[in-house]
Structure formats: C-alpha cells, structure tokens
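Geometric and topological summary
One letter stands for each residue in the lines below.
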Amino acid sequence: MSAVALGILVGSSGCQKKPEKTRIAMVVKNLGNGFFNAAHIGADEAARQIGGIDVIYTGPTTPSAEGQIEIINSLISQKVDAIVISANDPNALVPIAKKAMQRGIKVISFDSGLTPEGRLMQLNPSNAELIGEKQVQMAASAIGGAGEVAILSASAQATNQNIWIGVMKKVLQQPQYAKVKLVGTVYGDDQSDKSYREAIGLLRSHPDLKAIIAPTTVGIVAAAKAVVDEKLVGKVFVTGLGLPSEMAGHVKSGAVKEFAIWNPIDLGYAATYAAAEFVKGTAQSQPGTTVSVGRMGSVTLDANREAALGPPFTYNSDNVDKFAKLF
C-alpha cells in the first residue's frame, strides 16, 4: 500500500477511517408525487455518473413547510453533505436552511425556490422568455405557420401566466409569426369545468380558429376535450403546458400534436450535479458565476443567484407514453 493510501486510512491519530461517500439529500414537497419520483430518477443518474455519491430521497407525506423543517433537522443531525430542496414555503424554511449551512451543509433549492438567504443557488426549470417562446413555436408549427390562435389561461390574476402571455404577445410580433393572429385570451381559473366552457366558447365564437394555447395543466386538458367533443380534431390543435399522464390520450386522439413542460428527470439530475459541485468546492455562490450541471451543460447565476435550466421539454407521440408512466 502506498504512503498516500495509508495516510488516508490511518492519518495522524492512527484511527481515522477512509472518507465515506458524499451524501446528498433530495427533500421534495411530498412523497408519492410522480413529478418528484421522476426527479429522483435524475438524481440517481447524476450520482452514478459522478461516482462516490449516495442520494437520500425524502420528503413529508403531505406538502407542508413543517414537515420539511422536521426532515432538515434530522438531516443536519446525520451530517449530510448537501441538501437539494423543492420548498413548500420560500420563507418559513429559511431559518433551518441557514442552520444547515452554518453546519457546513451545502443547500440549494430547485423547482420551488427558497429566498436567497436560505440557499446557495436556486435552479429554476425554465424562465418566462423560454416558456412563452416555446408555446408560440409549438402553436405555429401545429398550424403550418399561419392562422388564428387563442389563449386559454388560468386566472386573470395568475402572475406567472400573465408574464408568459406577455412574452407570447411579444414573440408573435416577430416577422416569422406575421401570419399567426392572436384573436382572444380567456380565463378558466384553473377549474376544469370553467376551462372547458371557455374553450367551447372560443371554438364557437372563432370559426376560423386553428389553435388554442393553454399555459396551464388544467386548461390544456379541458381545451383538448373541447376540441374532441366539438369534432374539430385535425382542424383545431391544442398546445401549451401539460402533464404526460393527463395528455397521452389527447396526443393519441390527434387533438394535440405536441405540448411541453419541464422534464423532472433532467431537473433532478441537474440539481444533484450542482450540489455535488458545491460540495467539491468547484462551484461558487456568486452572481455571474457558472455552475456545471453535467450532461445539461452549465448554468449562470443571476443577481439573485438563480439559474434557468432551459426551454420546457417537448412531449409528442414519440415519447409521451414513456413519461406518462412517471408523472
């Protein structure tokens, strides 16, 4: 055995153990959630790729800040190396997250973030510009680049939805979308029945409508059902943000050619990879710095030490069944 290897095993006291694997805990909003089960698959992939990492997958049975606080307290006692969390409350978890960081544990948030003082970085699945642009691209592609489109949103007060719609309107002003005309925006309040009625209203009041964009998982299902019920499959296409498990049937019916949402496998992979970079000391928690996220490339932290992974992932007839089994 070499002197270096011997030193790792023995050390000056003669009783030090070989360092154990790096332990990264993924704390999700709640267990039994398909989205986070898929993120766990990604976390395990990152651990295998990097090597020497154990992933501890945990979360409360119901989504609460109290449940996550209790779990983080336990993880601090276990002296894990890093905590990757999707927070049930951006503020309530800050004191316990700060306690973890004071003990040398690297804390990053993903999906649903902690406020900046509670973490080293926040990994968002995407950003408003990418989300808005993606939805316009999918709609234009479905209708061959020309025709009337409408938007079925959640509530008129939904901040994220309104930001995305603002981006969509800007994107539609670009020359390549000159023949795509937005003829209406309606709100289903993220209620299935109301969203369905609003979709029916769009189809009947705009007989030349070619596509409905629904930037809401409730709205996109309702709009697809409305297109089927009104026997307009092949004449009107639905796209937007949806869950594969809810959309697979509508892709098969032909009401939907493609839709998008973030890929939780990629998100869990990237968050775990980033956490490992912080543990190794190769990532810095400073605005403007880049953090490696493995096969996903690298991300750059903004002024709030947040980063966006990329455009929403596209689902279609080629892959929807595979993902429908996950979330």
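Only a predicted model underlies this, so the values are computations on that prediction, with no experimental measurement involved.

Think of two packed helices as two axes; the pair is described by the angle between the axes and how far apart they sit. One can describe the packing of helix α8 (residues 217-229) onto helix α9 (residues 244-253) by two numbers: an axis separation of 10 Å at closest approach and a directional angle of 30°. The orientation of α8 relative to α9 falls into the category roughly parallel. Between α8 and α9 lies a crossing of left-handed hand. Across from T217, I220, V221, A224, K225 and V228 in α8, the residues of α9 making contact are E246, M247, H250 and S253.

Before going further, it helps to spend a moment on the pairing of strand β6 (residues 147-153). Judged by how many residues are buried, β6 sits mostly within the fold: six of seven residues are covered. By the bridge criterion, seven bridges tie β6 to strand β7 (residues 180-187) in an arrangement that is parallel. Each residue of the ladder has a partner; that of S153, found in β7, is Y187. With respect to chirality, the unit in which β6 leads through helix α6 (residues 159-171) into the neighbouring parallel β7 is right-handed. One ladder, built from four bridges, connects β6 with strand β8 (residues 209-214); its direction is parallel. In the sheet register, V149 faces β8, and the bridge partner there is A211.

What counts, and at which threshold
- Residues numbered from 1 in each chain as written.
- Predicted model: local features only at pLDDT ≥ 70, side-chain atom pairs only at ≥ 80, totals over all residues.
- Heavy atoms only, no water.
- Axes fitted to C-alpha atoms, helices over the stretch in contact; angles between N-to-C directions.
- Helix = DSSP H or I, 4+ residues; strand = E, 2+ residues; numbered from the N terminus.
- Parallel < 35°, antiparallel > 145°, perpendicular 65-115°, else oblique.
- Left-handed = near helix turned anticlockwise from the far one by under 90°.
- Contact = heavy atoms within 4.5 Å.
- Buried < 20%, exposed > 50% of the residue type's maximum accessible area, 1.4 Å probe, protein only.
- Pairing = 2+ DSSP bridges.
- Right-handed = clockwise from strand over helix to strand, strands pointing away.

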